Amino acid sequence: MLITRRSDYAMRICRVLQDGKVHNVREICDREEIPRAFAYKILRELEMADLVKSERGNQGGYYLNKSLDELTIYDIVSVTEGDLAILHCMKEDCSRNTNDIPCKVHMEIERIQGIMIKEMKKKSIAEIISE
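Structure report, in brief. (Residues numbered from 1 in each chain as written. Predicted model: local features only at pLDDT ≥ 70, side-chain atom pairs only at ≥ 80, totals over all residues. Heavy atoms only, no water.)

What follows is about unusual backbone geometry. Phi is positive for Glu33, close to 55 degrees, though the residue is something other than glycine. The topology assignment puts Glu33 in the loop between helix H2 (25-32) and helix H3 (36-48). (Helix = DSSP H or I, 4+ residues; strand = E, 2+ residues; numbered from the N terminus.)

One pass over the structure, following the stated rule, counts 7 salt bridges. Between Glu32 and Arg15 there is a salt bridge, and its shortest N-O distance comes to 2.7 Å. Taken as a pair, Glu32 in helix H2 and Arg15 in helix H1 (residues 5-17) lie far apart in primary sequence, 17 residues in all. Since its relative accessible area comes to 11%, Glu32 is described here as buried. Taking the relative accessible area as the measure of exposure, Arg15 reaches 36% and is therefore partly exposed. A salt bridge links Glu119 to Lys122; its shortest N-O distance comes to 3.1 Å. (Salt bridge = Lys/Arg side-chain N within 4 Å of Asp/Glu carboxyl O. Buried < 20%, exposed > 50% of the residue type's maximum accessible area, 1.4 Å probe, protein only.)

Structure, rendered in structure tokens:
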């Protein structure tokens, strides 16, 4: 799993939207220094995941559909990055990791991934922003 700028930008978008008001893309991009092309794609992903909603029209824009108290880094990263597997063999059948002959490397990486996901779920975005 690689946490990219896409996830960073998504969390920054949420930071702008935390006030519950409708914000247009230009305002979001200006406040958080996010390229507009990225912002549109990320906002579409967040909207498809029901984390944000949009309003059309002259006064339209985006607003959070969930409180930042309910959202974690895991929630954002799983939407923006998709696959959270650290190794390619963790997302598909691996011929070197079978029930008969378990792969110790795979098992250790899986353990580490579990710890990382647990930590990503530990704090809400609201807690992180307020620290």
